[in-house]
Amino acid sequence: MRLLPILLILALCPGAPANPPRVRLISASENAALIRVGDGSPEARITNLVHSLHTAGISSFTFETKSDRLLEKLKPIWLDSGIKSITIKAPSPPSSTTFPKVDPITARATLAGIDHELEREISRFEAHRKALVTFVYHHGVPEEDDTSSPETLAHQKGEAENQLATILDAPLEDRLTLAARIKITDNPVAKHLKSHQEAAREKAALVTSGFGAKHPRIIATNQEAAATHQLAVDELGAIEEALRIQIYQLGKRSQHLEAWQKLPQDERASREQTYQTTRASYEISLRQIQVLNATKEAAKRSLNR
């Protein structure tokens, strides 16, 4: 069961803007969220996002930030509001792109029931996805920048259309390289392609050092290079669909821009909170499916040693 239909909505959230948002929801699980906060982030935007996520059932928050002064001020307020834990840390390096292996008994037990779990979670996800798409269809995406203009959005839409056309027309290896450059959160092609390249470099170094084709380390790097290349290829469709949704989203933003700019501030805040809550529910379900798929992949690889 592929994840392609699931990842495509990632670009519904304001994606690849000219100036990336300074407050970004990186991931959300069943009861925890990871938020990246840039320097100079508005206090109101941080608090609105935390409130929306808390309303959606999240009780533990981790913030990645270079400066923790503002967050340390807000931390006791959030804890008093019922949030269970607040963790503030420096930005972490990119996560590993490979799936860990498990013992064969655990792998077989996992594979026995995980498809049923995936079906149930995908059903919940579709409900959250529909709510998010419906909101965007009727209201667009809340604008973070009042300087947005139809011309700016049209330019961004044209760029996304050109990126998609270029990827679709390119040979496979060029498609991988181009897809890895697309700015979406946790670009899966970029992560898998990086692992593939690292495995290929390691193999080349081993060969230069005199290791033969049948040496266990050469065999292991061959398997890693092949597996991560295939994972990158498998995710190409997700990147292409993300671009299609980004194009759709930019069209809706342009369509609703004039109405959004005329809204009073209280109505803007209400719509933004509804959007963030709806998006948070979607993100939680999406993350759960990603975890289940990663677990399934780890189990399959563990039995193919």
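Look up a bit, the structure's there.
Residues numbered from 1 in each chain as written. Predicted model: local features only at pLDDT ≥ 70, side-chain atom pairs only at ≥ 80, totals over all residues. Heavy atoms only, no water.

Undergrad: Give a detailed account of the packing of aromatic side chains, specifying residues and quantitative values.
TA: With the rule as written, the count across this model stands at four aromatic pairs. Plain terms: the ring middles of Phe 125 and Tyr 282 are 5.2 Å apart, the flat faces sit at 45° to each other, and that makes the pair tilted. Placement of Phe 125 in helix H4 (residues 104-139) and of Tyr 282 in helix H10 (residues 265-302) is noted, with a sequence separation of 157 residues between them. Accessibility classification places Phe 125 together with Tyr 282 in one group, the buried group. Taken together through their ring pairs, the aromatic side chains of Phe 61, Phe 63 and Trp 78 make up a single cluster. (Phe/Tyr/Trp six-rings, centres within 6.5 Å; stacked < 30°, edge-to-face > 60°. Helix = DSSP H or I, 4+ residues; strand = E, 2+ residues; numbered from the N terminus. Buried < 20%, exposed > 50% of the residue type's maximum accessible area, 1.4 Å probe, protein only.)

Undergrad: Quick rundown of the pairing of strand S3 (residues 60-65)? Include the residues and the values.
TA: Strand direction decides the pairing type here: strand S2 (residues 32-37) and S3, joined by six bridges, are parallel. Across the sheet, Ile 35 pairs through a bridge with Phe 63, a residue of S3. For the segment spanning S2, helix H2 (residues 43-55) and S3, crossover handedness is right-handed. With five bridges joining them, S3 and strand S4 (residues 85-89) adopt parallel strand pairing. (Pairing = 2+ DSSP bridges. Right-handed = clockwise from strand over helix to strand, strands pointing away.)

Undergrad: So what's going on with the packing of helix H6 (residues 172-180) against helix H7 (residues 188-208)? Residues and values would help.
TA: In contact at an axis separation of 8 Å, H6 and H7 are set at 120° when each is read in the N-to-C sense. The angle between H6 and H7 places the two elements in the oblique class. H6 and H7 meet at a crossing whose hand is left-handed. Facing H6, whose interface residues are Leu 176, Thr 177, Ala 179 and Ala 180, H7 presents Val 189, Ala 190 and Leu 193. A class-by-class count of the residues in the contact of H6 with H7 yields six nonpolar, one polar and no charged. (Axes fitted to C-alpha atoms, helices over the stretch in contact; angles between N-to-C directions. Parallel < 35°, antiparallel > 145°, perpendicular 65-115°, else oblique. Left-handed = near helix turned anticlockwise from the far one by under 90°. Contact = heavy atoms within 4.5 Å. Nonpolar A, V, L, I, M, F, W, Y, C, P; charged D, E, K, R; others polar.)

Undergrad: Could you give an account of the nonpolar core, with specific residues and numbers?
TA: The biggest cluster of nonpolar side chains holds 19 residues, and the ones touching the most others in it are Ile 35, Ile 46, Val 50, Leu 53, Phe 61, Phe 63 and Trp 78. If you list the elements that add at least two residues to this core, you get strand S1 (23-28), S2, H2, S3, helix H3 (69-80) and H10. The element best represented in this core is H2, accounting for four residues. In terms of nonpolar packing, the next biggest core, distinct from the first, is built from 15 residues, Ala 179, Ala 232, Ala 242 and Leu 243 among them. (Core = buried A, V, L, I, M, F, W, Y, C linked by side-chain atoms within 4.5 Å.)

Limitation: the analysis is restricted to geometry and does not speak to function.
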